[in-house]
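Next come the chains, spelled out residue by residue.
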Amino acid sequence: MSQEPTPEATRRPIRLLLADDQALVRGALAALLAMEPDIEVVAELGDGSRVAATVAEHEVDVALLDIEMPGLDGIEATRAITAGGTGCRSLIVTTFGRPGYLARALAAGASGFVVKDTPAEQLADAVRRVHAGLRVVDPSLAEETLVAGRNPLTDRERDVLRAALGGASVRQIATELFLSPGTVRNHLSVAIGKTHTSNRTEAALAARDNGWL
């Protein structure tokens, strides 16, 4: 008489998507995670623009996303996955432990946030925990986020500082954002005060380093 398969034997592996613009990092992560018997890497991408579509195409369970990618960054890719309604969970992996990134990622629907130097076995465990419906956050980053506090900038202040980060003049920012130069100056002045800096360049850099942009 044949024996009934156990639930463990019939359970399919966690279907994982990897998105990272650095091919060597992506390949190394894929090789390490593919060694886990319960994880199957079903897709790899070099930018965030096709993440949501690929998640749906390959019935992905967990998307492991770099935070800084061309096309869509990891946070916007997470937002697209969440909007897609596939049930796929997002786990953000980053080299940049900026406190503001965590709050933005969680607001976009991410289930986890870890740094890239996380040991392979811990990363695999993070994938499993996220797949199980749990939230996984790097403890040091969570502490830094609590210390730094919430993002004080409005969406428009972020837009203005993001443009200023590229060295644009007030008039160029105004043209890009369809605002008057006076309105741009007002937003910059408020942002400078909120970031406790002296000028728009310092404000933009401070906002970037805190992950608020």
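It should be emphasised that the depicted structure is a prediction, and the values quoted were computed from it without experimental measurement.

> Looking at this structure, I do not really get the overall build of the protein. What am I missing?
Helix and strand counts for the protein come out as 11 helices and 6 strands. Classification of the 213 residues of the protein by burial places 41% in the buried group. The contacts in the protein between residues at least 6 apart in sequence include a share of 64% that link residues at least 24 apart. Surface exposure of the protein reaches about 11,100 Å², of which carbon and sulfur atoms provide 52%.

> How should the sheet that holds strand 1 (residues 14-19) be read in this particular structure?
Either a parallel or an antiparallel arrangement is found when strands of a sheet pair, and the pairing is made through backbone hydrogen bonds. Read across the sheet, 6 strands follow the order 2-1-3-4-5-6 without closing on themselves; strand pairing throughout is parallel. The open sheet is flanked by strand 2 (39-45) and strand 6 (136-137), the only strands paired with a single partner. The pairing of strand 5 (residues 112-115) with strand 6 spans 2 bridges and is parallel. In the strand pairing of strand 6, G112 is matched with V136. Here helix 4 (residues 74-84) sits on the sheet and contacts strand 3 (62-66) and strand 4 (89-94); the angle it forms with strand 3, its principal contact strand, is near 155 degrees.

> Please explain helix 9 (residues 170-177) as it appears in this structure.
The periodicity of an α-helix, 3.6 residues per turn, causes residues three or four positions apart to be oriented the same way. Those residues of helix 9 lying buried are V170, I173, A174 and L177. Looking down the long axis of helix 9, one finds its buried residues gathered within 100 degrees of arc, a one-sided arrangement. Residues R171 and T175 are exposed on helix 9 and point more than 90 degrees away from its buried face. Following helix 9 by one or two positions, F178 adopts a phi angle in the positive range, close to 60 degrees.

> Explanation requested: helix 10 (residues 181-195) in the structure shown.
The first and last C-alpha atoms of helix 10 sit 21 Å apart over 15 residues, in line with the 21 Å expected at 1.5 Å per residue. All of the buried residues along helix 10 are V184, L188, A191, I192 and T195. With its buried residues spanning 105 degrees around the axis, helix 10 presents them on a single face. Looking at the buried residues of helix 10, the elements they touch are helix 8 (155-165), helix 9 and helix 11 (200-209). Two residues or fewer past helix 10, H196 is found with a positive phi of approximately 55 degrees.

> Just checking my understanding: could you explain the pairing of strand 5 for this structure?
Taken residue by residue, a regular strand's side chains alternate between the two faces of the sheet. Residue alternation in strand 5 divides its side chains into two sets, G112 and V114 and F113 and V115, and both sets are buried. As paired elements, strand 4 and strand 5 share 4 bridges and run parallel to each other. From the neighbouring strand, I92 faces strand 5, where its bridge partner is F113.

> Teacher, can you tell me more about the side chain of R26 here?
With respect to the helices, strands and loops of the structure, R26 is situated in helix 2 (residues 23-34). Among the residues examined, R26 registers a relative accessible area of 17% and is labelled buried. A distance of 2.5 Å separates a polar side-chain atom of R26 from the backbone oxygen of D20. Those residues within four positions of R26 in sequence are excluded, and the remaining contacts are L18, D20, D21, E44, L45 and G46.

> Could you clarify how one ought to interpret the nonpolar core in this entry?
Counting residues in each nonpolar core, the largest one holds 23 residues, and the members touching the most others are L17, V51, V55 and L65. Here the element with the most residues in this core is helix 5 (residues 99-108); it accounts for 4 residues. When near neighbours in sequence (up to four residues on either side) are disregarded, V55 contacts L17, V60, A63, I81, T86 and C88.

> Can you walk me through the packing of helix 10 against helix 11 in this structure?
Angle between the axes and distance between the axes are the two parameters that describe a pair of packed helices. Axis separation between helix 10 and helix 11 bottoms out at 9 Å; the angle between their running directions is 55 degrees. By the angle between their directions, the pair helix 10 and helix 11 is classed as oblique. Judged by the sense of rotation from one axis to the other, the crossing of helix 10 with helix 11 is left-handed. Residues L188, A191, I192 and T195 of helix 10 form the contact with helix 11, whose own contacting residues are R200, A203 and A206.

> Can you help me understand the confidence of the model for the protein in this one?
Detailed reading of the predicted coordinates is not advisable wherever pLDDT falls low. The pLDDT averaged across the protein works out to 84; a share of 88% of its residues lies at or above 70. Taken element by element, the protein is modelled with least confidence in helix 1 (residues 7-10), mean pLDDT 47, and with most confidence in strand 1, mean pLDDT 96. Here residues 1-9 is modelled with pLDDT under 50, and outside its nearest four sequence neighbours on either side it reaches 1 contact, counting other chains as well.

Cut-offs and rules
Residues numbered from 1 in each chain as written. Predicted model: local features only at pLDDT ≥ 70, side-chain atom pairs only at ≥ 80, totals over all residues. Heavy atoms only, no water. Helix = DSSP H or I, 4+ residues; strand = E, 2+ residues; numbered from the N terminus. Buried < 20%, exposed > 50% of the residue type's maximum accessible area, 1.4 Å probe, protein only. Contact = heavy atoms within 4.5 Å. Areas by Shrake-Rupley, 256 points an atom, 1.4 Å probe, with all protein chains shown as cover. Pairing = 2+ DSSP bridges. Axes fitted to C-alpha atoms, helices over the stretch in contact; angles between N-to-C directions. Arc of directions from axis to C-beta. Expected span 1.5 Å × (residues − 1). Polar contact = N/O pair within 3.5 Å; in protein donor to acceptor, adjacent residues only side chain to side chain. Core = buried A, V, L, I, M, F, W, Y, C linked by side-chain atoms within 4.5 Å. Parallel < 35°, antiparallel > 145°, perpendicular 65-115°, else oblique. Left-handed = near helix turned anticlockwise from the far one by under 90°. pLDDT = per-residue confidence, 0-100.

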